[in-house]
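Geometric and topological summary
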Amino acid sequence: MITREEIANVLDQPVYDGDGNKIGDAKHVFFDDMTGRPEWVSVKTGMFGSAESFVPIRDAALVQDHLEVPYGKDQVKGAPSVDVDAGGHLSETEEHRLYDYYGINWDSVLSEAERTDDGRFAAGPGPAGTAGAAGAAGAAGVAGTTPGGTTGREDAARHEAMRGGEAMTRSEEQMRVGVERHESGRARLRKYVVTEEVQQTVPVTHEEVRVVREPITDANRDEAMAGPEISEAEHEVTLHAERPVVETETVPVERVRMTTEELTENETVRGQVRKERIEAETETFAEDETRRGGKRRGRE
């Protein structure tokens, strides 16, 4: 069982189950208001410690640099969510839910709470005191009245006085922000075929008929006089022309590939953290009340 003197070695330390699996980190320890004994430890679990689960500390053991509890990792993470009041206390109903979840007999809890440290039963009937939170060793829960009529603060302070404690450790939560890589989308290269109209000017040639008249000279006289003097004749000439001929061929024109580059931008993250506050309470005695043994409470 973890004692009050060992609480400082528990807070912010890893919490493991009996199989060696890490559950999370211990953040707060809750004391029983009547017995002053550690009763619950809250464990930060999930991504960046975003969830908090309660686990009984009565059967836990401090092993080297971590706390070991006799409950499985999945069982602790699946513990019911409970509300802690503004004074840092668990209500009796919330405690009852947790005890039922972990299979702890509620009657045995009541019996233990009614016993003092030396094994004798505490005076006065009634249920066990509610559990108050402490951020570190020696810090007791605030608010919550025990059956004896004292508040959780007074009860814890009395236990501290018996042990000679004169100081409290104030703790607060700090937000740690990290990043995780996830798939945000996909890109692919797809090739498809389109048909375009292409226009290109090509020079073409053709033949035309032209009549050329030459005078009779001594050089061509014999050739000109070779035929009959008067006759009819016909001479045919074949004309030629060029026309465009279109052919296509496939040629490589470029290579296309995909690459990625990382761009860094700033993103603001907001969250909530809890902080403990420590206030001093003083008791002043009025002159007329001193004679009657009365006293008046004040807050600094």
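It should be emphasised that the depicted structure is a prediction, and the values quoted were computed from it without experimental measurement. (Residues numbered from 1 in each chain as written. Predicted model: local features only at pLDDT ≥ 70, side-chain atom pairs only at ≥ 80, totals over all residues. Heavy atoms only, no water.)

A few words on the packing of aromatic side chains. Within the structure shown, the criterion is met by five aromatic pairs. Aromatic side chains Tyr-101 and Tyr-102 sit 5.1 Å apart centroid to centroid with 85° between the ring planes, which places their arrangement in the edge-to-face category. A residue is classified by how much of its surface remains accessible, and Tyr-102, at 6% relative accessible area, is buried. Taken together, the ring pairs connect Trp-40, Tyr-71, Tyr-99, Tyr-101 and Tyr-102 into an aromatic cluster. (Phe/Tyr/Trp six-rings, centres within 6.5 Å; stacked < 30°, edge-to-face > 60°. Buried < 20%, exposed > 50% of the residue type's maximum accessible area, 1.4 Å probe, protein only.)

For the rest of this paragraph, the subject is the environment of Gly-24. Among the secondary structure elements, Gly-24 is positioned in strand β2 (residues 22–32). Taking C-alpha positions, Gly-24 is 9.5 Å from Ser-42, a pair spaced 18 residues apart along the chain. In contact with Gly-24, not counting residues within four places along its chain, are Gln-13, Pro-14, Val-15, Val-43 and Lys-44. (Helix = DSSP H or I, 4+ residues; strand = E, 2+ residues; numbered from the N terminus. Contact = heavy atoms within 4.5 Å.)

If you trace the backbone, Asn-220 turns up in the loop between α4 (152–162) and α5 (221–224). For Asn-220, a relative accessible area of 18% gives the class buried. In this structure the side chain of Asn-220 is engaged in a polar contact, spanning 2.6 Å, whose partner is the backbone nitrogen of Thr-217. Setting aside its immediate chain neighbours within four residues, Asn-220 contacts Glu-214 and Pro-215. (Polar contact = N/O pair within 3.5 Å; in protein donor to acceptor, adjacent residues only side chain to side chain.)

The element β2 is largely enclosed, with a buried count of eight among its 11 residues. Note: strand β1 (residues 14–16) against β2, three bridges, orientation antiparallel. Note on β2: the bridge partner recorded for Pro-14 is Asp-25. Adjacent in sequence and paired antiparallel, β1 and β2 are bridged by five residues, among which Gly-20 carries a positive phi angle near 85°. Pairing geometry for β2 and strand β3 (residues 38–45), over six bridges, is antiparallel. Each bridged residue has a counterpart across the sheet, and for Val-29 the counterpart in β3 is Val-41. Two successive antiparallel strands, β2 and β3, enclose a turn made up of five residues, where Gly-36 displays a positive phi of approximately 75°. (Pairing = 2+ DSSP bridges.)

Here we take up helix α2 (residues 92–101). Within α2, burial applies to Glu-94, Glu-95, Leu-98 and Tyr-99. Relative to the axis of α2, the buried residues are bounded by an arc of 135° and lie together on one face. What points out from α2, more than 90 degrees from its buried face, is the exposed set Thr-93 and Asp-100. Just past α2, the residue Gly-103 takes up positive phi, approximately 70°. (Arc of directions from axis to C-beta.)

What follows is about the pattern of salt bridges. Inspection of the entire model under this criterion finds 12 salt bridges. One salt bridge connects Glu-52 with Lys-44, and the closest N-O pair in it is separated by 3.7 Å. Assessed through its relative accessible area of 27%, Glu-52 is described here as partly exposed. Its relative accessible area of 18% is what places Lys-44 among the buried residues. (Salt bridge = Lys/Arg side-chain N within 4 Å of Asp/Glu carboxyl O.)

Within the largest apolar cluster, 29 residues are counted, with the highest numbers of intra-cluster contacts made by Trp-40, Val-41, Val-55, Leu-67, Val-69 and Tyr-102. Mapped by element, the contributors of at least two residues to this core are β2, β3, β4 (51–56) and α2. Looking at this core, the element that brings in the most residues is β2, giving five residues. (Core = buried A, V, L, I, M, F, W, Y, C linked by side-chain atoms within 4.5 Å.)

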